[in-house]
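Remarks on the overall topology
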Amino acid sequence: AYVVTENCIQCKYTDCVDVCPVDCFVEGPNFLAINPDECIDCTLCVAECPAEAIYAEDDVPADQQEFIALNARLSAIWPTITGRKDPLPDADSNNGKAGKRDLLVE
Ligand code: SF4
Ligand code: F3S
């Protein structure tokens, strides 16, 4: 499955949602996650993310391995998002910022 990682936090551009053929994204307050049981590994979302936050499970950076389990856990509790919406207000200034992990709101 594909995995949403740290740089989505506080950005949530949602361009990824529009291209997913199986609607496997779920939405929280400041992060999206991918349901690993529904993702069909089509790769389409990767290039759409302005934050470059989406990786194949095998390519998730070493310091972000926890996001693999986090996507699975959050996809069980958050609702599905099926359409694009406006990014968070400070998305552009938060794109690429370090240390966003602690800002994730469940
Ligand atoms: Fe959806 Fe394809 Fe991305 Fe998986 S890889 S989340 S199926 S767009
Ligand atoms: Fe997040 Fe990128 Fe989608 S910032 S909402 S994974 S387009």
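Structure: see above.
Cut-offs applied
- Residues numbered from 1 in each chain as written.
- Chains lettered and ligands numbered in written order.
- Predicted model: local features only at pLDDT ≥ 70, side-chain atom pairs only at ≥ 80, totals over all residues.
- Heavy atoms only, no water.
- Helix = DSSP H or I, 4+ residues; strand = E, 2+ residues; numbered from the N terminus.
- Buried < 20%, exposed > 50% of the residue type's maximum accessible area, 1.4 Å probe, protein only.
- Contact = heavy atoms within 4.5 Å.
- Lys, Arg positive; Asp, Glu negative; His and termini not counted.
- Salt bridge = Lys/Arg side-chain N within 4 Å of Asp/Glu carboxyl O.
- Polar contact = N/O pair within 3.5 Å; in protein donor to acceptor, adjacent residues only side chain to side chain.
- Core = buried A, V, L, I, M, F, W, Y, C linked by side-chain atoms within 4.5 Å.
- Phe/Tyr/Trp six-rings, centres within 6.5 Å; stacked < 30°, edge-to-face > 60°.

A look at the environment of alanine 51
Structurally, the position occupied by alanine 51 is in the loop between α2 (44-48) and β4 (54-56). Of the residues examined, alanine 51 reaches a relative accessible area of 7% and is grouped as buried. C-alpha of alanine 51 to C-alpha of aspartate 92: the two residues are 41 residues apart in sequence and 8.9 Å apart in space. Setting aside chain neighbours within four positions, we find alanine 51 in contact with Asn7, Tyr13 and Asn95.

With respect to the side chain of lysine 100
Residue placement: lysine 100 occurs in the segment after α4 (91-94). Of the side chains with opposite charge, glutamate 6 lies nearest to the buried lysine 100, which makes no salt bridge, at 7.3 Å. Within the structure, lysine 100 has its side chain in polar contact with the side chain of asparagine 7 (distance 2.9 Å).

Some remarks on the nonpolar core
Phe25, Phe31, Ile34 and Ile54 are the most contacted members of the largest nonpolar core, which has 32 residues in total. Mapped by element, the contributors of at least two residues to this core are β1 (2-4), α1 (15-19), β2 (25-27), β3 (32-34), β4 and α3 (66-75). If near-sequence neighbours (up to four positions away) are discounted, isoleucine 34 is found in contact with Tyr2, Val3, Val4, Cys24, Phe25, Cys39, Ile54, Asn71 and Ser75.

Quick look at the packing of aromatic side chains
Tallied over the full model, the rule gives two aromatic pairs. With a centroid separation of 5.9 Å and 55° between ring planes, the pair formed by phenylalanine 31 and phenylalanine 67 is classed as tilted. On the criterion of sequence distance, the pair formed by phenylalanine 31 in the loop between β2 and β3 and phenylalanine 67 in helix α3 is long-range, its members being 36 residues apart. Judged on exposure class, the residue phenylalanine 31 and its partner phenylalanine 67 are both buried. Taking the centre distance of 6.4 Å and the plane angle of 65° together, the rings of phenylalanine 31 and tryptophan 78 count as edge-to-face. Taken as a pair, phenylalanine 31 in the loop between β2 and β3 and tryptophan 78 in the loop between α3 and α4 lie far apart in primary sequence, 47 residues in all.

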